[in-house]
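Structural overview for review
So you can see what is in the structure, the chains are spelled out below.
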Amino acid sequence: MIHLWRGRQYLDITDELTLENRLHQVIPQAFFCLEQLAQGDEQQQESNLQALLSLRELIEFMPSLDHQYDYKSDFYQQLNRLDGQLDTVPLLKGAVDALRYLGSYIDEKTLAAVLNATFSTGSSPEHAIGYFVGIMRTAPELVIRLPLLVNHLNSLLQQWDEERFIQILPDLRFAFSQLNPKQNAELAQYIANDIGLDTQALSLWQSEFSAKQMLEATKLNQKLQQRIKTQGMISWFEAKKTEKGDHSHGEA
């Protein structure tokens, strides 16, 4: 509807009043449908997320159309009504919590408490990843504003083996693809500081890898590690690593 309005002159639409009225009619109808966000399978939930993000775009667009109408307050009230109803759909819960935070309807302390509970020991890793992806697809800037997001994700990934990581890699890759170059640089610097890397020596190389290439590389690494274990070469590599370390200290 937004694109139709913006392209009305190009499309030679002369009845602007009817189109404007239709935009005003769509929003209350969409509010009514928000209660159905928790319904459906995984594919339906993806469609629900897209619909939610489109509704947010429409809500933000309406004041530019008519300053007398601002649906933001009603929108956030509807989102608040969903509190506690989306626990079984982490993708949408993450999206809704991100929107409520951006709209100042929940504060950082409240969001941090939800993050701590979602990523706590004993919670479902898939649930936590779904929640994280929901936030990133809705408000990727939060990964910069709330380092707690990265800290929790890092702790969770450290508990996983490569097979589990491979399964979730496409979702993570898509989530981080929402960041712009500036946000990528800020996130890289935060991670560098966290692991003790000299930020003066930090340089970012922007490389394009397809999801297929990343999966193939990870699987190849997994096969190599398995072959090394099978042939009993782990101890040999460890010995070489130790020798290299001793040699470096000797030169120093």
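Going by the structure above, here's the rest.
Everything in this summary refers to the structure shown in the same document. None of the values given here were measured: they were computed from a predicted structure. Residue numbers here run from 1 along each chain, matching the order of that chain's written sequence. This being a predicted model, a pLDDT of at least 70 is required before a residue's local features are given, and a value of 80 or more before pairs of side-chain atoms are given or counted; all residues contribute to the totals for chains, interfaces and linings. To get the side-chain values, all heavy atoms of the structure are used, and hydrogens and water are removed first.

On to the nonpolar core, then. Think of a nonpolar core as a cluster: buried Ala, Val, Leu, Ile, Met, Phe, Trp, Tyr and Cys residues, connected wherever their side-chain atoms sit within 4.5 Å. Between buried and exposed lies partly exposed: a residue is buried under 20% and exposed over 50% of the maximum accessible area for its type, with that area taken using a 1.4 Å probe on protein chains only. Counting 52 residues, the largest nonpolar core has Phe-31, Leu-52, Phe-75, Leu-79, Ile-129 and Phe-132 as its most contacted members. The contact partners of Phe-75, leaving out residues within four places of it in the chain, are Phe-31, Leu-52, Leu-55, Arg-56, Ile-59 and Leu-99. We call two residues in contact whenever any of their non-hydrogen atoms come within 4.5 Å of each other.

This next bit is on unusual backbone geometry. Positive phi, close to 65°, is recorded for Ser-104, a residue that is not glycine. Strands here are runs of E lasting at least two residues and helices are runs of H or I lasting at least four, both read from the DSSP assignment and numbered beginning at the N terminus. Relative to the elements of secondary structure, Ser-104 occurs in the loop between α5 (90–102) and α6 (108–118). Owing to a relative accessible area of 65%, Ser-104 belongs among the exposed residues under this scheme.

The span you would expect from a helix comes to 1.5 Å times its residue count less one. Between the first and last C-alpha of α5 there are 18 Å, a value that for 13 residues agrees with the 18 Å anticipated at 1.5 Å per step. α5 sits mainly inside the fold: twelve of its 13 residues count as buried. Turning to α5, its buried residues number three or more, namely Pro-90, Leu-91, Leu-92, Lys-93, Gly-94, Ala-95, Val-96, Asp-97, Ala-98, Leu-99, Arg-100 and Tyr-101. A positive phi of about 65° marks Ser-104, the residue just after α5.

Time to look at empty space enclosed by the protein. In this analysis, the protein atoms alone were mapped onto a 1 Å grid. Cavities are point sets where a 1.4 Å probe fits without being able to get out; pockets are open sets with protein on both sides within 12 Å along at least five of seven lines; lining residues have an atom within 4 Å of a point. Grid points are joined across faces, edges and corners, and a volume is the space filled by probe spheres set on the points. Across all of its chains, the model carries one cavity of 30 Å³ or more by this definition. Roughly 50 Å³ of internal volume is contained in the largest cavity. Leu-79, Leu-82, Asp-83, Gly-84, Gln-85, Leu-86, Asp-87, Lys-93, Val-96, Asp-97 and Arg-100 together form the lining of the largest cavity. With four residues, α5 is the single largest residue contributor to the lining of the largest cavity. For the lining of the largest cavity, a count of residues per class yields four nonpolar, two polar and five charged. When residue character is reported, Ala, Val, Leu, Ile, Met, Phe, Trp, Tyr, Cys and Pro are called nonpolar, Asp, Glu, Lys and Arg charged, and the others, Gly included, polar.

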